[in-house]
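# Structural overview
Spelled out, the chains give:
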Amino acid sequence: MKNTLVMCGFFVLGVFLGRLASLPIWMHESELMLYALYVLLFLVGVGVGGNVQAFRLVEHIHLRVLLVPFSTVVGTFAGVGILAWFIKDWELGEKLAVGAGFGYYSLSSVLITQIHSETLGVLALLTNITREMSTLLLTPVLAARFGKLAPIVSGGATAMDTTLPVITKYSGKQYAIVALISGLVLTILVPFLVSIILHV
Amino acid sequence: MSIILLCLLGGMLSGWMLRYRHSLIHIADRLTTSFIYLFLCLLGVTVGANETVMENLAELGLQALILSSSGIIGSVVIACLVEKLFFKDF
């Protein structure tokens, strides 16, 4: 939660700076940002590949646990494709790419801004922050009415960090490991799915 | 796309090879966070300077709400089925 506020703070600070002054062109329209993105993705990869605890978890998962991130992917795409059909400003692929952030707003917004456009990047930021916030707020209701897996799929990629405490509290301790694995799988999938969808 | 995926895969491979060098992995995690702060701030700058985005911010917010709710509802529906079919005894 605190981390989310800090990230939003940086974004809002940027917006104010952008309103106030015209910043040097290299800051927003140059190859430099693209190379910085490559470095960022490399670092994200290092964090995932070097996460020893996560790989220990993978050793003793049942195959059926993978159905949880699978449900999130299929459900998100179906939901966005069907329920958000009436948003005509964007193509289906663009809406799916935004959905494919699965709550991982920092990486998905940065990636979409670079490979598509600022406007879609901002939409990805807002959509995925809303997904994280909604999960934090709705988890008690989701767990009580729709089953213990509901908060985990709602949280998407955030189920391994920011929404994990609240999921563990309302779904139960035995679901914490399911949440961790599901969140990890989705975190790895986000950059792949986003870049594949936007390049089709 | 391929460069993006190569960077990611290269990072994962490097991380895997360095997985027992905890201090290095820790530095990578810290750097990732700093990079993300920087990028979000710069995204803010470009947004703040972009009149089209600023004028449409309310509209984008509404679309974001619709898209995130759609994603959550779709996921929860599938998860209900999966739970009934495969997680009865969990």
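Before reading on, note that the structure itself is shown above.
Report follows, based on the coordinates. (Residues numbered from 1 in each chain as written. Chains lettered and ligands numbered in written order. Predicted model: local features only at pLDDT ≥ 70, side-chain atom pairs only at ≥ 80, totals over all residues. Heavy atoms only, no water.)

Taken together, the side chains of A:Phe55, B:Leu13, B:Trp16 and B:Met17 define a hydrophobic patch exposed on the protein surface, amounting to about 430 Å² of accessible area. Along the chain, A:Phe55 turns up in helix 3 (residues 52-59). (Patch = residues over 30% accessible without salt bridge, like charges linked within 9 Å, V, L, I, M, F, W, Y side chains within 5 Å. Areas by Shrake-Rupley, 256 points an atom, 1.4 Å probe, with all protein chains shown as cover. Salt bridge = Lys/Arg side-chain N within 4 Å of Asp/Glu carboxyl O. Helix = DSSP H or I, 4+ residues; strand = E, 2+ residues; numbered from the N terminus.)

What follows covers the nonpolar core. In this structure, A:Leu40, A:Leu41, A:Phe102, A:Leu123 and B:Phe39 are the most contacted members of the largest nonpolar core, which totals 60 residues. At 10 residues, helix 2 (residues 22-49) of chain B tops the list of elements feeding residues into this core. The residues that make up this core include at least three from each of domain 1 (1-50) and domain 2 (56-90) of chain B. Of all hydrophobic cores here, the second largest spans 21 residues; its members include A:Leu149, A:Val153, B:Ile72 and B:Phe87. (Core = buried A, V, L, I, M, F, W, Y, C linked by side-chain atoms within 4.5 Å. Buried < 20%, exposed > 50% of the residue type's maximum accessible area, 1.4 Å probe, protein only. Domains from an automatic or database assignment.)

Considering the arrangement of structural elements, one finds B:Glu59 in helix 4 (residues 57-86). Look at B:Glu59 and you get partly exposed, because its relative accessible area is 39%.

Next up on the list: the interface of chain A and chain B. Residue-level contacts link 86 residues of chain A with 64 residues of chain B. Roughly 6,800 Å² of surface becomes buried between chain A and chain B when both sides are summed, with 80% attributable to carbon and sulfur atoms. Linking chain A with chain B are 1 salt bridge. B:Glu51 is the salt-bridge partner of A:Arg19, the closest N and O atoms lying 3.3 Å from each other. Among the residues making up the side of chain A that touches chain B, the classes are represented as 52 nonpolar, 27 polar and 7 charged. (Contact = heavy atoms within 4.5 Å. Buried area = accessible area lost by both parts, 1.4 Å probe. Nonpolar A, V, L, I, M, F, W, Y, C, P; charged D, E, K, R; others polar.)

Keep in mind these numbers describe shape, not what the thing actually does.
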